[in-house]
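Below, each chain spelled out in residue letters.
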Amino acid sequence: MTHEMIPVFDLERAVAAIRSELDRRWSRLLTDRRFVGGDEVQTFERDFSRFLEVSESVGVANGTDALMVALRALGLEPGDEVIVPAFTFIATAASVSWLGGRPVLADVEAGTLNLDPEQVEAKIRDRTVGVIGVHLYGRPFEVDAIRALCDTHDLWLIEDAAQAHGARFDGRRVGSFGDVATWSFYPSKNLGCFGDGGAISGNNGELLERARRLANHGRSRHYFHREVGINSRLDSLQAAVLNCRLPGLEEDNARRREIAARYRSRLDHFDELSFLEDDARAEPVYHQLTIRLDARDALRGHLKERGIGSTVHYPHGLHQQPAFEGLDLEPADYPVATRAAADVLCLPMFPELTTGEVDRVCDAIAEFFSGHRTANALRASPVHAK
Ligand SMILES: Cc1ncc(COP(=O)(O)O)c(C=O)c1O
């Protein structure tokens, strides 16, 4: 029997789920022609803020701009140091560099691969102005401990929540713990559009007003510019996609948790692999389902042969990126990130994934391990040592 491919993420099913409503919204936009700003953007900013239980959200062009605009709104100056995790997507740190600041990498915790408060504290110096924490793979970092550190040392905190739309920590949505939070709506995200999109959100009205101004040429009224800004606005066509998808996000995240639980129940007993730890106070949204194993690349090849997709987020820590060579980073200072880059593997994870498909992935992994064991046993057995 031949099987359908199982992609690591499936946009075809995501499009199908909202197709008819999106046709209606896009067709209305073609009639209204409010391609920049307008109702779709305003509706989304309002509903996303309600969803996050914060006072305000500002739509921007993507998650990288969200970080850069937030950094500017917080007053980042050239030479300022910002502490970021060593294991994340490059934008978390590149946004700081791009504005002339210096990202200072902190190694992550071995169990969670999220920011390690002790490592963060060790990196605080005279020029440190803030911390960017990342809720990696949709699993909240220790926001309370990091927030407390920031308060003690008079630093601001940005939550880079690009992978964590809807997650909670201690009952509260992530995105409300930092001075500000930044979001990406890249298509594969838990809340994704069908192009690029992003947002900045929080409860500090003054800061968000400045962010809104900076993202719109620094203007305070028509053709009057209070400061130098950029053009980074959430596109109306993308806002319409987000308006279709936001009402289903809670249910989608619940399904992701179900899928994560199924993977764990089927795979946890294998000594050859491990799952990441989740903080007991966290309600993750599993942007990725990540396992760790020494034979990562071999398992990836085995899955591929069986038509099963997988990805590696991320094959290099930020300290291993040529882009940051100028920062004089010592690999020995980032043992956890270095190890993670060599052994993390992200399995298919999206809300429309069926339980039958999850089981097929698990069966393929079980088959891989039993093959490995047989091969090892044969190698070890004198009977076969001809
Ligand atoms: C943790 C993190 N930060 C920032 C970004 C940047 O978002 P975008 O791709 O929308 O610019 C991403 C997106 O991949 C991300 O995963």
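In this text the structure is predicted, and so the values were computed from the model without any measurement. (Residues numbered from 1 in each chain as written. Predicted model: local features only at pLDDT ≥ 70, side-chain atom pairs only at ≥ 80, totals over all residues. Heavy atoms only, no water.)

K.L.:
Honestly, the nonpolar core in this entry has me stumped. Any pointers?
P.N.:
Soluble globular proteins: nonpolar side chains tend toward being buried together. Ranked by internal contacts, the top residues of the largest apolar core, which has 74 residues, are Phe87, Leu113, Tyr263 and Leu347. Ranked by residue count, the leading element in this core is helix α12 (residues 355–380), at seven residues. Split by domain, the residues of this core number at least three in each of domain 1 (11–247) and domain 2 (250–383). Contact partners of leucine 347, with chain neighbours within four places excluded, come to Val8, Tyr263, Leu267, Leu289, Ile291, Leu303, Val361 and Ile365. Of all hydrophobic cores here, the second largest spans 45 residues; its members include Leu29, Ile83, Leu115 and Cys193. (Core = buried A, V, L, I, M, F, W, Y, C linked by side-chain atoms within 4.5 Å. Buried < 20%, exposed > 50% of the residue type's maximum accessible area, 1.4 Å probe, protein only. Helix = DSSP H or I, 4+ residues; strand = E, 2+ residues; numbered from the N terminus. Domains from an automatic or database assignment. Contact = heavy atoms within 4.5 Å.)

K.L.:
Explain the packing of helix α1 (residues 11–32) against helix α8 (residues 236–245) to me, please; I cannot follow it from the model alone.
P.N.:
A pair of packed helices is captured by two measures, namely the crossing angle of their axes and the spacing between those axes. Across the interface, α1 lies against α8 with an axial gap of 9 Å and an inter-helix angle of 135°. Between α1 and α8, the angle is such that the two are oblique. For the pair α1 and α8, the sense of crossing is right-handed. On the side of α1, the interface is formed by Ala14, Ile18, Glu21, Leu22, Arg25, Trp26 and Leu29, while α8 contributes Ser236, Leu237, Ala240, Val241, Asn243, Cys244 and Arg245. (Axes fitted to C-alpha atoms, helices over the stretch in contact; angles between N-to-C directions. Parallel < 35°, antiparallel > 145°, perpendicular 65-115°, else oblique. Left-handed = near helix turned anticlockwise from the far one by under 90°.)

K.L.:
Just to check I follow, could you spell out the site of the ligand for this structure?
P.N.:
Taken together, 14 residues form the shell around the ligand, and within it Gly63, Thr64, Asp160, Ser184 and Lys189 come nearest. Separating a nitrogen atom of the ligand from a side-chain N or O atom of aspartate 160 is a distance of 2.7 Å. One of the side-chain N or O atoms of glutamine 163 is found 3.0 Å from an oxygen atom in the ligand. With the chains in place, 91% of the 380 Å² that the ligand exposes on its own is no longer accessible. For the shell around the ligand, the elements supplying multiple residues, two or more each, are α3 (63–73) and α4 (91–98). Its residues assigned to classes, the shell around the ligand comprises five nonpolar, seven polar and two charged. (Near = heavy atom within 4 Å. Polar contact = N/O pair within 3.5 Å; in protein donor to acceptor, adjacent residues only side chain to side chain. Areas by Shrake-Rupley, 256 points an atom, 1.4 Å probe, with all protein chains shown as cover. Nonpolar A, V, L, I, M, F, W, Y, C, P; charged D, E, K, R; others polar.)

K.L.:
Whenever I open this one, the pattern of salt bridges confuses me. Can you help?
P.N.:
Opposite charge on two side chains makes pairing possible when the charged atoms of those side chains draw close. Summed over the entire model, instances satisfying the criterion amount to 32 salt bridges. Arginine 13 is the salt-bridge partner of aspartate 10, the closest N and O atoms lying 2.5 Å from each other. Given a relative accessible area of 12%, aspartate 10 falls into the buried group. Glutamate 357 is paired through a salt bridge with arginine 13; the nearest N and O atoms lie 2.9 Å apart. In this pair, glutamate 357 sits in helix α12 while arginine 13 sits in helix α1, placing the two residues 344 residues apart along the sequence. In this structure glutamate 357 comes out as buried when scored by relative accessible area, which is 13%. Judged by relative accessible area, arginine 13 falls into the partly exposed class, the value being 23%. Where salt bridges share partners, they join Glu21, Arg25, Arg28 and Glu40 into one cluster. (Salt bridge = Lys/Arg side-chain N within 4 Å of Asp/Glu carboxyl O.)

K.L.:
Just checking my understanding: could you explain the environment of proline 103 for this structure?
P.N.:
Mapping proline 103 onto the fold places it in strand β3 (residues 102–106). Given the relative accessible area of 3%, proline 103 is considered buried. Ignoring anything within four residues of it in the chain, the contact list for proline 103 reads Val82, Val84, Ala93, Val96, Ser97, Phe324 and Leu327.

K.L.:
Whenever I open this one, the sheet that holds strand β7 (residues 172–173) confuses me. Can you help?
P.N.:
Two modes of strand pairing occur in sheets, parallel and antiparallel, and in both the strands are linked by backbone hydrogen bonds. Spatial strand order, β7-β6-β13: three strands in an open sheet with antiparallel pairing. If you trace the sheet from one side to the other, it starts and ends with β7 and β13 (282–283), each paired once. Both strand β6 (residues 168–169) and β13 contribute to a ladder of two bridges, which runs antiparallel. What sits directly across from phenylalanine 169, in β13, is alanine 282. (Pairing = 2+ DSSP bridges.)

Remember that the coordinates give geometry; whether it matters functionally is a separate question.
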